[in-house]
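Structural description and commentary
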Amino acid sequence: MATAPDNNLPLFYKDLVPLSSVDHADFHARPLDNAEFLVNQHAVPLTSDEFVSACRFFPIVFSAGDNPVPLALMGLNEGVNTFVDADGKLINPVYVPAYIRRYPFLLARLNPDSEDLSLCFDPSSGAIGQFDEGDALFENGQPTAPVNAVLEFCKNFEEAGQRTGFFMEELKKADLLMDGEVAIQPEGSDKPYIYRGFQMVDENKLRELRGDVLRKMMQNGSLGLIFAHLFSLQLMRDVFAEQVRAGKVPEILEVPNPVA
């Protein structure tokens, strides 16, 4: 069986093999009962296409560093996810980011010298194998309708990723990102919990943008995405409150890298 295209595996993926009509002719795909891979994951990559849907449920921040990416925070501390239980099942109905819904599939470049992408999957997921139940992946050597639907979803995800890259470039060109910090003081405590290690849009710089830059951002949709991000930040206190209820607040009062 083919090996993973890249040893640098993305978040959630423990292994990666290209889907093959020869090697996987009799394989089936079945839905996962839970998402155990989410239990200890507090931040999930998000595309800009999802900001409007995601901002109602998750704080949206940007990772630290020179090449930031949008993240949906499912917890404020590393290893804490307030949206799933210990078995990886959603506690309440929420928008599920496409990065999660894509798993265990992924479009990957098998040849570093080629731009072609191939549909791959994580064989350790438990969702794909030589099962009697589930959707067949191939019939008469050809991909079935479910596989074609997955391929289309993954293609759309890649395109959304490109649009997200353009959006991030807009933020960087306008110098709108700053190091984020949020202080949350629980009731009865004389000291706040301070969270850092992420980036956010600087509202002061946003207000000072030149009219032509602001107009361009409004026309290409970036301004609406920025507001979705800013509005979502108020949910940090809700996520913190869920951590308190679950007894998942650390003893220390300053957490320097919540989304690292």
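Definitions and cut-offs
Residues numbered from 1 in each chain as written. Predicted model: local features only at pLDDT ≥ 70, side-chain atom pairs only at ≥ 80, totals over all residues. Heavy atoms only, no water. Helix = DSSP H or I, 4+ residues; strand = E, 2+ residues; numbered from the N terminus. Pairing = 2+ DSSP bridges. Contact = heavy atoms within 4.5 Å. Axes fitted to C-alpha atoms, helices over the stretch in contact; angles between N-to-C directions. pLDDT = per-residue confidence, 0-100. Salt bridge = Lys/Arg side-chain N within 4 Å of Asp/Glu carboxyl O. Buried < 20%, exposed > 50% of the residue type's maximum accessible area, 1.4 Å probe, protein only. Polar contact = N/O pair within 3.5 Å; in protein donor to acceptor, adjacent residues only side chain to side chain. Arc of directions from axis to C-beta. Phe/Tyr/Trp six-rings, centres within 6.5 Å; stacked < 30°, edge-to-face > 60°. Lys NZ or Arg CZ within 6 Å of the ring centre and 35° of its normal.

1. Things to note about the overall build of the chain
- Helix and strand counts for the chain come out as seven helices and 16 strands.
- In terms of its C-alpha atoms, the chain occupies a principal-axis envelope of roughly 65 × 50 × 30 Å.

2. A short note on the sheet that holds strand β2 (residues 28-29)
- Taken in spatial order, the three strands of this open sheet run β8-β2-β9, and their pairing is antiparallel. With one partner strand each, in any of the chains shown, β8 (128-129) and β9 (135-136) form the two edges of the open sheet.

3. Structural notes on the sheet that holds strand β7 (residues 118-121)
- Taken together, the three strands give an open sheet; going across it, the order is β1-β7-β6, and neighbouring strands pair in antiparallel fashion. Here the strands that pair on one side only, and so sit at the sheet edges, are β1 (17-18) and β6 (105-108).
- Seen against the sheet, helix α3 (residues 145-173) touches β6 and β7 and runs at an angle of roughly 60° to β6.

4. Notes on the confidence of the model for the chain
- Averaged over every residue, the pLDDT of the chain is 91; the share at 70 or more is 93%.
- Below pLDDT 50 for its whole length, residues 1-6 participates in 15 contacts with residues either more than four positions away or in separate chains.

5. Description of the pattern of salt bridges
- For the coordinates displayed, the defined rule picks out 10 salt bridges.
- With a closest N to O distance of 2.7 Å, Arg 30 and Glu 133 form a salt bridge. Highlighted residues: Arg 30 in the loop between β2 and β3 (43-45) and Glu 133 in the loop between β8 and β9, separated in sequence by 103 residues.
- Arg 30 gets classed as partly exposed once you look at its relative accessible area, which sits at 31%.
- Taking relative accessible area as the criterion, Glu 133 reaches 40% and is therefore assigned partly exposed.

6. Thoughts on the side chain of Ser 232
- Mapping Ser 232 onto the fold places it in helix α6 (residues 222-232).
- Polar side-chain contacts of Ser 232 include one of 2.7 Å to the backbone oxygen of His 229.
- Each residue touching Ser 232, except ones within four places of it in the same chain, is listed here: Cys 55, Phe 58, Pro 59 and Ile 60.

7. As for helix α7 (residues 235-245)
- Within α7, the full set of buried residues consists of Leu 235, Met 236, Val 239, Phe 240 and Gln 243. Take α7 and look down its axis: the buried residues cluster within an arc of 150°, on one side only.
- Residues of α7 that are buried sit in contact with β4 (60-63), β5 (70-73), β13 (182-184), β14 (193-195), β15 (198-201) and α6.

8. Looking at the packing of aromatic side chains
- For the structure on display, the rule yields 14 aromatic pairs.
- Judged by centre distance (4.7 Å) and plane angle (50°), the ring pair of Phe 12 and Phe 37 falls under tilted. Here Phe 12, found in the segment before β1, pairs with Phe 37, found in the loop between β2 and β3; they are 25 residues apart in sequence, far enough to count as distant.
- Plain terms: the ring middles of Phe 12 and Tyr 103 are 6.3 Å apart, the flat faces sit at 80° to each other, and that makes the pair edge-to-face. On the criterion of sequence distance, the pair formed by Phe 12 in the segment before β1 and Tyr 103 in the loop between α2 (98-102) and β6 is long-range, its members being 91 residues apart. Tyr 103 matches Phe 12 in its accessibility class, with the two residues each being buried.
- Taken together, the ring pairs connect Phe 12, Tyr 13, Phe 37, Tyr 99, Tyr 103 and Phe 157 into an aromatic cluster.
- The ring of Phe 131 has Arg 30 sitting right over it, with the charged end atom 3.6 Å from the ring centre.
- One cation-aromatic arrangement involves Arg 102 over Tyr 99; the distance from NZ or CZ to the ring centre is 4.7 Å.

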